[in-house]
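Structure at a glance
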Amino acid sequence: MNKPNILLIYTGGTIGMVKDSNTGTLKAFNFDNLLMSIPELRLLDCNIETISFEKAIDSSNMNPKYWCIIADMIKDNYENFDGFVVLHGSDTMSYSASALSFMLENLTKPVIFTGSQLPIGDLRTDAKENLITSIQLASLHEKGVPVIREVGLYFEYKLYRGNRTTKINAEHFEAFESLNYPHLAESGVYLNINNKFLLKPNLGEELKVNKGFDTNVAILKLFPGISKPILEAVLRSRLIKGLILETYGSGNATTETWFIDLLEAAIKRGIYIVNVTQCSGGRVNMGQYETSSQLKKIGIISGRDLTSEAAITKLMYLIGQNINPLAFKAIFETSLRGELS
Ligand code: ASP
């Protein structure tokens with residue numbers, strides 16, 4: 001096989017930032033300079049082309065419009081490239097990787113998100129290893145077929161399934177974790193691929209890009225002391241169509257009548273309410289305790305072992321796809337891209 005063609009998509013983030021000499025704050029700089037900073041890229045056994053956002057962004061400004069731009073860049077170049085590496089700020093990378101996994105139906109090529117905690121020009125930067133290994137992972141082929149055929153996230157020696165990740169640390173190089181699913185690959189002296197955990201999509205299907213996210217949704221984290229007027233304000237909003245409820249432990253919540261009544265009335269008005277745990281790992285199991293049986297009874301959707309990032313993007317995505325309300329719960333509780341087990 002010829003050398004693989006890899007497309008680097010630069011969206012912004014610390015990886016391509018420089019310190020403003022006047023204010024000392026980090027801001028985005030020209031992507032061409034990024035490549036000049038890593039001459040090692042030329043040593044890789046692949047052809048690399050780059051494309052970037054018109055204006056690089058800090059990923060705190062990420063939103064569904066930008067997700068559509070990334071998806072279009074992949075779609076428009078899908079036939080000509082063997083793999084894609086998306087350079088993205090780490091702050092919202094897990095949301096974007098989750099969103100893109102839902103948008104890219106029948107994906108059979110690697111889309112690897114990466115970034116860094118320190119800018120590429122910094123002496124102690126983690127950017128070079130993250131970028132170089134991401135490109136190598138995106139280049140991996142076996143008998144002409146890409147080894148990774150899903151949206152991954154590579155950071156600090158590990159490749160994760162993108163929609164299973166959460167940013168867990170604002171300072172450590174090891175900034176991401178995937179607590180409910182094993183990592184897909186590990187980089188050490190060798191690049192070890194955990195083959196049995198990779199998605200195995202049907203190779204015969206054509207890539208379909210589903211756009212359309214409905215942002216009339218919210219995440220509400222429960223806490224001891226949550227009050228009726230606050231929950232009322234959220235659920236009685238004229239716009240709200242879906243809510244991710246971050247509950248305790250294995251999906252438990254207060255059994256106070258006002259709480260259950262408000263949720264039940266909202267479900268009857270057609271609002272989708274999803275139960276995910278606020279624990280970093282483990283799963284929702286409604287009915288295991290008395291404090292979750294009523295949630296099950298009133299028709300709350302189980303988020304099982306979804307991360308909040310995957311849950312909110314899946315909710316925006318499915319509401320945006322105009323799913324039949326009668327089928328919504330069953331579809332939400334089904335794994336679409338390996339995001340839940
Ligand atoms: N604030 C930056 C961003 O998410 C942090 C990073 O790149 O790691 O864009």
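Here the structure is a predicted model, which means the values were calculated and not measured.

**Observations regarding unusual backbone geometry**
The backbone of Asn106 sits at a positive phi, close to 65 degrees, despite the residue not being glycine. Looking at the secondary structure, you find Asn106 in the loop between strand E6 (104-105) and strand E7 (111-114). Assessed through its relative accessible area of 24%, Asn106 is described here as partly exposed. Located in the positive-phi region is Asn322, a residue other than glycine, with phi close to 50 degrees.

**Description of the site of the ligand**
As a structural note, the neighbourhood of the ligand is formed by Gly13, Thr14, Asp58, Ser59, Gly89, Ser90, Asp91 and Ser116. For the ligand, an oxygen atom lies 2.4 Å from a polar atom in the side chain of Ser90. One nitrogen or oxygen atom from the main chain of Ser116 is found 3.2 Å from an oxygen atom belonging to the ligand. About the coverage of the ligand: the protein hides 91% of its 260 Å² of free accessible area. Split by residue class, the shell around the ligand holds no nonpolar, 6 polar and 2 charged.

**Looking at the pattern of salt bridges**
Overall, the coordinates contain 13 salt bridges when judged by the stated rule. For the salt bridge of Glu40 with Lys128, the shortest nitrogen-to-oxygen distance reads 3.6 Å. One end of the pair, Glu40, is in the loop between helix H1 (31-36) and strand E4 (47-57); the other, Lys128, is in helix H4 (residues 127-139), and 88 residues separate them in sequence. Classification of Glu40 by relative accessible area gives partly exposed; the value is 31%. Relative accessible area serves as the criterion here: at 28%, Lys128 is assigned to the partly exposed category. A salt bridge links Asp305 to Arg283, with the nearest nitrogen and oxygen atoms 3.6 Å apart. Of this pair, Asp305 sits in the loop between strand E20 (301-302) and helix H8 (308-320) while Arg283 is found in the loop between strand E19 (272-277) and helix H7 (290-297), placing the two residues 22 residues apart along the sequence.

**Here we look at the environment of Asp126**
Looking at the secondary structure, you find Asp126 in the loop between E7 and H4. Spatially, the C-alpha atoms of Asp126 and Ile15 are 8.7 Å apart, while their sequence positions differ by 111 residues. Once residues lying within four places of it in the same chain are set aside, the contact partners of Asp126 are Ser116, Gln117, Leu118, Phe155, Glu156 and Phe173. Separated by 2.9 Å, the side chain of Asp126 and the backbone nitrogen of Gln117 make a polar contact.

**A short note on the packing of H8 against helix H9 (residues 325-332)**
Where H8 meets H9, the axes come as close as 11 Å, and the angle between the chain directions of the two elements is 150 degrees. For the element pair H8 / H9, the angle class is roughly antiparallel. Every pair of crossing elements has a handedness; the one defined by H8 and H9 is right-handed. Contacts between H8 and H9 involve Ala311, Lys314, Leu315, Leu318 and Ile319 on the former and, on the latter, Phe328, Ile331 and Phe332.

Rules of the game
- Residues numbered from 1 in each chain as written.
- Predicted model: local features only at pLDDT ≥ 70, side-chain atom pairs only at ≥ 80, totals over all residues.
- Heavy atoms only, no water.
- Helix = DSSP H or I, 4+ residues; strand = E, 2+ residues; numbered from the N terminus.
- Buried < 20%, exposed > 50% of the residue type's maximum accessible area, 1.4 Å probe, protein only.
- Near = heavy atom within 4 Å.
- Polar contact = N/O pair within 3.5 Å; in protein donor to acceptor, adjacent residues only side chain to side chain.
- Areas by Shrake-Rupley, 256 points an atom, 1.4 Å probe, with all protein chains shown as cover.
- Nonpolar A, V, L, I, M, F, W, Y, C, P; charged D, E, K, R; others polar.
- Salt bridge = Lys/Arg side-chain N within 4 Å of Asp/Glu carboxyl O.
- Contact = heavy atoms within 4.5 Å.
- Axes fitted to C-alpha atoms, helices over the stretch in contact; angles between N-to-C directions.
- Parallel < 35°, antiparallel > 145°, perpendicular 65-115°, else oblique.
- Left-handed = near helix turned anticlockwise from the far one by under 90°.

The values are spatial; any link to function lies outside them.
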